[in-house]
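The primary structure of each chain is shown beneath.
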Amino acid sequence: MFLRRFSVDEYHRMIDSGVFVKNDQFELLDGWIIAKMPHNPPHDLAVSLGLRQLTSWLPAPWFCRVQSAVTLATSEPEPDLAVVLGPERRFTTSHPNTRDIALLIEVADSSLADDRREKSALYAQANAAEYWIVNLVDRRVEVYTDPTGPIIDPEYRNRRDYGISETVPLTVGGQNAGAIPVADLLP
């Protein structure tokens, strides 16, 4: 068997040339083309709830993208939610990169271990300032900050969990934008 990693540019050329069929669901993670997990109703509801909450708190020109690609050095993941510096039309010919992103969010049930391990390392390597996991299994929000950046074993140096009765502070562009009740993010 022959396995190889792909660059972001190669991945884009494959998309543009029609290598993937219409309903294929993939993302590029650290050079590997990975099939995306299907979503169940609680996952989709949590994404919708998160979008509603974030949108109500975001100061202009920040906006929220839903299950859309972001471009990193060796990856093009599709986080469930991403808070991105607008205006939206800036991204007509490219996806946002970490300079454009204030917050990345994954909603996790069956993907919890992967989101804690692979996605967290990927986002920390790219210096994504803040990463949340809306943890449906344990009914909490895990907030990761202070990424190490591109080192051998990238990670976030800080993790804080917020329970169902707490609020999660929302920081956008280095400024406090508000606080979101965890209960409002969970189905």
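Conventions adopted
- Residues numbered from 1 in each chain as written.
- Predicted model: local features only at pLDDT ≥ 70, side-chain atom pairs only at ≥ 80, totals over all residues.
- Heavy atoms only, no water.
- Helix = DSSP H or I, 4+ residues; strand = E, 2+ residues; numbered from the N terminus.
- Rg over C-alpha atoms; globule rule 2.2 N^0.38 Å.
- Buried < 20%, exposed > 50% of the residue type's maximum accessible area, 1.4 Å probe, protein only.
- Salt bridge = Lys/Arg side-chain N within 4 Å of Asp/Glu carboxyl O.
- Contact = heavy atoms within 4.5 Å.
- Pairing = 2+ DSSP bridges.
- Axes fitted to C-alpha atoms, helices over the stretch in contact; angles between N-to-C directions.

**Examining the overall build of the protein**
And then number 1: Broken down by element type, the protein carries 3 helices and 10 strands.
And then number 2: Across the protein, helices and strands are ordered from the amino to the carboxyl terminus as α-β-β-α-β-β-β-α-β-β-β-β-β.
And then number 3: For the protein, whose C-alpha radius of gyration is 16 Å, the value lies close to the compact-globule estimate of 16 Å for 187 residues.
And then number 4: Taken over the C-alpha atoms alone, the protein extends approximately 50 × 35 × 35 Å along its principal axes.
And then number 5: Within the protein, the proportion of its 187 residues that are buried is 44%.

**Notes on the pattern of salt bridges**
And then number 1: Inspection of the entire model under this criterion finds 13 salt bridges.
And then number 2: For the salt bridge of Arg140 with Asp138, the shortest nitrogen-to-oxygen distance reads 3.6 Å.
And then number 3: We classify Arg140 as partly exposed; its relative accessible area is 22%.
And then number 4: On the basis of relative accessibility, which here comes to 40%, the residue Asp138 falls in the partly exposed class.
And then number 5: Residues Arg140 and Asp161 are paired through a salt bridge, measuring 3.3 Å at the closest nitrogen-oxygen approach. With a gap of 21 residues between them, Arg140 in strand S7 (residues 140–147) and Asp161 in strand S8 (residues 156–162) connect regions that are remote in the sequence.

**Topic: the side chain of Ser120**
And then number 1: Here Ser120 lies in helix H3 (residues 112–125).
And then number 2: For Ser120, the contacting residues outside a window of four places in its chain are Asp115, Tyr131, Tyr144 and Tyr156.

**Here we look at the sheet that holds S8**
And then number 1: Spatial strand order, S3-S4-S5-S6-S7-S8: 6 strands in an open sheet with mixed pairing. Of all strands in the sheet, those with a lone pairing partner are strand S3 (62–66) and S8, marking the two edges. Taking the axes of each pair of neighbouring strands and ignoring which way they run, one obtains an average angle of 20° across the sheet.
And then number 2: Here strand S5 (residues 101–108) runs beside strand S6 (residues 130–135); their pairing, made up of 5 bridges, is parallel. Its bridge partner lying in S6, Val107 is registered against Val134.
And then number 3: This element, H3, spans S5, S6, S7 and S8 of the sheet and lies at about 170° to S6.

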